[in-house]
Amino acid sequence: MTEASAAETLGFQTEAKKLLQLMINSLYSNREIFLRELISNASDAIDKLRFEALADDALLAGGPDFRIRVEFDKDAKTLSVSDNGVGMTRDEVVANLGTIAKSGTAEFLERLTGDQKGDATLIGQFGVGFYSAFIVAKEVEVLTRRAGQEAGVRWSSQGEESFTVEDAEGLARGTKVTLTLKDDAEEFADGFRLRSIVRQYSDHIGVPVEMPKEGDAEEGEPEFESVNSAKALWTRSRSEIDDDEYREFYRHVSHDFEDPLVWSHNRVEGKLEYTSLVYVPKRAPYDLWNREAPRGVKLYVQRVFIMDEADEFLPLYLRFVRGVVDCSDLPLNISREILQKDERTRTIRNALTRRVLDTLGKLEAEQYGEFWDEFGQVLKEGVAEDFANKETLLKLLRFASTHDEEASQRISLADYVGRMGEGQDRIYYLIAESDSAARQSPHLEVFRARGIEVLLLTDRIDEWFMSFAGEFDGREFQDVTRGELDLDKVEEAAEEGEEESKDEEDDALATRVKEALGERVNEVRRSKRLTDSPACLVLGEHDMGLQMRRIMEAAGQSAPESKPDFEINADHPLILRLDAEPDEDRFGDLVSILFDQAALAEGNGIEQPGAYVRRINDLLVELLG
Ligand code: ADP
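Note that the structure is predicted; figures quoted are calculated from it, not measured.

**Student:** Teacher, can you tell me more about the pattern of salt bridges here?
**Tutor:** When their charged atoms lie close together, side chains carrying opposite charge are able to pair. If you walk through the whole model with that rule in mind, you get 54 salt bridges. For the salt bridge of Glu-248 with Arg-251, the shortest nitrogen-to-oxygen distance reads 2.5 Å. You can see Glu-248 and its partner Arg-251 sitting in helix H8 (residues 243-254), 3 residues apart, about one turn around the helix. For the pair shown, Glu-248 and Arg-251 are each scored as buried. The partner of Glu-584 in a salt bridge is Arg-512, with the nearest N and O atoms 3.1 Å apart. Of the two residues, Glu-584 sits in helix H20 (residues 584-601) while Arg-512 sits in helix H17 (residues 496-517), which places them 72 residues apart along the sequence. The partly exposed category is assigned to Glu-584, whose relative accessible area is 46%. Where salt bridges share partners, they join Asp-244, Arg-247, Glu-248, Arg-251 and Asp-259 into one cluster.

**Student:** Can you walk me through helix H3 (residues 90-98) in this structure?
**Tutor:** Think of an α-helix as 3.6 residues a turn; residues three or four steps apart then line up on the same face. Of the residues making up H3, those classed as buried are Arg-90, Val-93, Leu-97 and Gly-98. Across the axial projection of H3, the buried residues extend over an arc of 85°, all falling on one side. Packed against the buried residues of H3 are strand S1 (8-11), helix H1 (14-26), strand S4 (137-145), strand S5 (152-157) and strand S6 (162-168).

**Student:** Hey, could you run me through the sheet that holds strand S11 (residues 274-281) in this one?
**Tutor:** Strand pairing within a sheet occurs via backbone hydrogen bonds; the two strands may be parallel or antiparallel. As summarised here, the arrangement of the 5 strands in space is S10-S11-S14-S12-S13, forming an open sheet in which the pairing is mixed. Sheet topology places strand S10 (260-268) and strand S13 (304-310) at the edges, where each strand pairs with a single neighbour. The mean angle between the axes of side-by-side strands here comes to 15°, regardless of whether they run parallel or antiparallel. Bridge analysis of strand S12 (residues 297-301) against S13 gives 4 bridges, and the strand direction is antiparallel. The residue bridging Leu-299 from the neighbouring strand is Met-307, located in S13. Each of S10, S11, S12 and strand S14 (322-327) touches H8; the most contacted strand, S11, lies at about 85° to it. Relative to S11, helix H10 (residues 343-361) is tilted by about 40°, and along the sheet it contacts S10, S11 and S14.

**Student:** Help me understand the sheet that holds strand S7 (residues 174-181), please; the structure alone is not making it clear to me.
**Tutor:** Taken in spatial order, the 9 strands line up as S1-S6-S5-S4-S7-S3-S2-S8-S9 in an open sheet, and their pairing is mixed. With one partner strand each, in any of the chains shown, S1 and strand S9 (224-226) form the two edges of the open sheet. Each neighbouring strand pair of the sheet contributes to a mean axis angle of 20°, computed without reference to strand direction. Note that S1 and S6 share 4 bridges and pair antiparallel. Following the sheet pairing, Gly-11 is matched in S6 by Ser-162. Packing against the sheet, H3 makes contact with S1, S4, S5 and S6, and its axis sits at approximately 160° to S6. Across the sheet, helix H7 (residues 191-202) lies against strand S2 (68-73), strand S3 (78-83), strand S8 (209-212) and S9, angled at about 170° from S8, the strand it touches most.

**Student:** Even after reading the chapter, I still don't get the site of the ligand, so can you show me in this structure?
**Tutor:** The environment of the ligand is formed by 13 residues, the closest being Asn-41, Asp-83, Asn-96, Gly-129 and Phe-130. Between the ligand and Asn-96 there is a distance of 3.2 Å, counted from an oxygen atom to a side-chain nitrogen or oxygen. When the ligand sits alone it has 530 Å² of accessible area, and the protein chains cover 80% of it. Breaking the shell around the ligand down by element, the ones donating at least two residues are helix H2 (33-55) and H3. The biggest single contributor to the shell around the ligand is H2, with 4 residues. Split into classes, the residues belonging to the shell around the ligand amount to 5 nonpolar, 5 polar and 3 charged.

**Student:** For this particular structure, what's the right way to read the environment of Gln-13?
**Tutor:** Of note, Gln-13 is situated in the loop between S1 and H1. Gln-13 sits in the partly exposed class, given a relative accessible area of 23%. A sequence separation of 87 residues divides Gln-13 from Ile-100, and the C-alpha atoms of the two residues are 7.5 Å apart. For Gln-13, the residues in contact, after removing those within four places along its chain, are Gly-98, Thr-99 and Ile-100.

**Student:** Explain the packing of H2 against H8 to me, please; I cannot follow it from the model alone.
**Tutor:** To describe two helices that pack against each other, one gives the angle between their axes and the distance between the axes. Relative to each other, H2 and H8 sit at 65°, their axes nearing to 10 Å. As H2 runs across H8, the sense of the crossing is right-handed. On H8, the residues touching Arg-36, Ser-40, Ser-43 and Asp-44 of H2 are Glu-248, Arg-251 and His-252. Here the residues of the contact of H2 with H8 are counted per class, giving no nonpolar, 3 polar and 4 charged.

**Student:** Would you mind going over the nonpolar core with me for this structure?
**Tutor:** Within the largest apolar cluster, 75 residues are counted, with the highest numbers of intra-cluster contacts made by Leu-299, Phe-371 and Leu-379. Looking at which element gives the most residues to this core, the answer is helix H11 (residues 365-385), with 7 residues. What Leu-379 contacts, discounting residues up to four positions off in sequence, is Tyr-317, Leu-318, Leu-357, Leu-360, Tyr-368, Phe-371, Trp-372, Leu-393 and Leu-396. Counting residues in hydrophobic clusters, the runner-up holds 60 residues, among them Leu-19, Leu-20, Ile-33 and Val-86.

**Student:** Just to check I follow, could you spell out the packing of aromatic side chains for this structure?
**Tutor:** Describing an aromatic ring pair means giving the distance of the ring centres and the angle of the ring planes. Scanning the entire structure with this criterion turns up 21 aromatic pairs. Both rings, one in Phe-130 and one in Trp-155, keep their centres 5.4 Å apart while their planes meet at 75°; by these two values the pair is edge-to-face. Taken together, the residues span a long stretch of sequence, with Phe-130 in the loop between helix H5 (116-126) and helix H6 (133-136) and Trp-155 in strand S5 at a distance of 25 residues. You can call Trp-155 buried: its relative accessible area is 0%. Clustering of aromatic rings is evident, with ring pairs tying together Phe-12, Phe-130, Tyr-131, Trp-155 and Phe-163. It is Arg-512 that lies over the ring of Phe-587; its NZ or CZ is 3.8 Å from the centre.

Calculation criteria
Residues numbered from 1 in each chain as written. Predicted model: local features only at pLDDT ≥ 70, side-chain atom pairs only at ≥ 80, totals over all residues. Heavy atoms only, no water. Salt bridge = Lys/Arg side-chain N within 4 Å of Asp/Glu carboxyl O. Helix = DSSP H or I, 4+ residues; strand = E, 2+ residues; numbered from the N terminus. Buried < 20%, exposed > 50% of the residue type's maximum accessible area, 1.4 Å probe, protein only. Arc of directions from axis to C-beta. Contact = heavy atoms within 4.5 Å. Pairing = 2+ DSSP bridges. Axes fitted to C-alpha atoms, helices over the stretch in contact; angles between N-to-C directions. Near = heavy atom within 4 Å. Polar contact = N/O pair within 3.5 Å; in protein donor to acceptor, adjacent residues only side chain to side chain. Areas by Shrake-Rupley, 256 points an atom, 1.4 Å probe, with all protein chains shown as cover. Nonpolar A, V, L, I, M, F, W, Y, C, P; charged D, E, K, R; others polar. Left-handed = near helix turned anticlockwise from the far one by under 90°. Core = buried A, V, L, I, M, F, W, Y, C linked by side-chain atoms within 4.5 Å. Phe/Tyr/Trp six-rings, centres within 6.5 Å; stacked < 30°, edge-to-face > 60°. Lys NZ or Arg CZ within 6 Å of the ring centre and 35° of its normal.

Here it is as structure tokens:
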């Protein structure tokens, strides 16, 4: 015997152990799902072998007919799920059934709260898989032999600290998972119960799920019959499939535990023939922001499984979409490299993208709101990355707004344009760190005063994607913190003549302020933005905003230098008093304070906080006498 053939006892990876424990607690009320998970794995294993056999049909030696079997023994209180799929080698068994390879598991587990209901949904989206067997089993045994290999392996565990692996002889190809049921789970060693679970959860599986014929004689090999319809769901016609079947199939392809939000199933005929069934999940996966996380659909060619995570069929910003593409025109031996270059891939990708966007566009407001809360930020990436669908994507965006005190992002651009006043030709928006920071911004004052709506953007990616937005419905977007604002067209200023003369007077003050601030500002001018605040900072039309600066700095890059304009509110009592200050030093101090405060109101840091505090303190001392 070689060393590897000896029995070994190995510890579960810490994450695996934790997940196992949590799953047993939180999924208790829905425990029959273990069977669905085991059958789903068996079906994947058969898909994999069918694919490998395309290149090497010797792998099918001993049985080309694929099937999954569910057997039970009432007396022994056992239950097994076996498949004649690809099986596992000893190394694969150790890696797959002892550790959780998914990246981000540790972070995920940290988010669990100990609250059963919350944890159940979180665990659900993580995918429960093989370990769910331990919800009902006190012991699990896996016998498996990799297709094309002689040696088999036995894995067993009681689901606590460790598992044992050893060599096993004389196994059939594929995998047999046997559960010794816990005392309170004996109900699952029952034909009627098992059949009904298989029909409910696994009807859509594309291979037969067989069970011993009912009322079979005790002795001899039992005869088996198929208990599911064994037809891959997407190959059936839409009118034959009910919603529950669509939902169950979703769980199989996505490993999600929850229902999907919406799906779209289509057969395309003509020059290129394919069927697609794509789902939008209800909840964003915990690894949505991990750009390396698995994504994409399952690819089948003529119903033969070819690959998981075929991400060539959807753009990155639709990475949350799950499902299947089955194309009869692609070659069975297609590789990822060829797929990437294939013209047909691009055709399907374009059509699928439009289909998903179309499906989203048709959702009812409430459902769409649910979608937006989970995936809105990702969709924004599309505005920057998918020029062809920009208009459609812009329609799908939702915003918070000054006309909507709820802070919920529910205003569409169409809503906004529909409410625009006479003469308004731009879509105004403001980007800030948070909703409350946005609502307190001095830049909104004139808009409030004139009743003009401003969209409030607070996502990290907003400044970046808005730089690609351009216009919507022929209206340009305008960041209210940038450039010289001219709202006069929107509301004709009645006392124009009077304002002119005032403008000239202010120029003298503006020049004095500019002299005091020197290189800290680009330009000083009288503000058309402010009604309540004495002053504010304004960015140049093409300067980098605070949000992008922070992102660049976080990435260790230095953001380009730029100087703001400084706008003063000539009607504000502080500015009026300032104007009358004869002492230039004191004037300079006061202007510095105003400038620093304007920076603070933007959410910026100030250059010399110590000097600012000293100036304020001097004023306080004076005030308190
Ligand atoms: P998932 O199916 O989400 O990857 P599981 O915990 O259910 O997670 O399974 C882990 C891995 O174990 C699978 O990815 C697969 O490689 C392997 N596996 C599980 N069941 C089988 C089976 N019946 N036949 C072959 N491999 C299996």
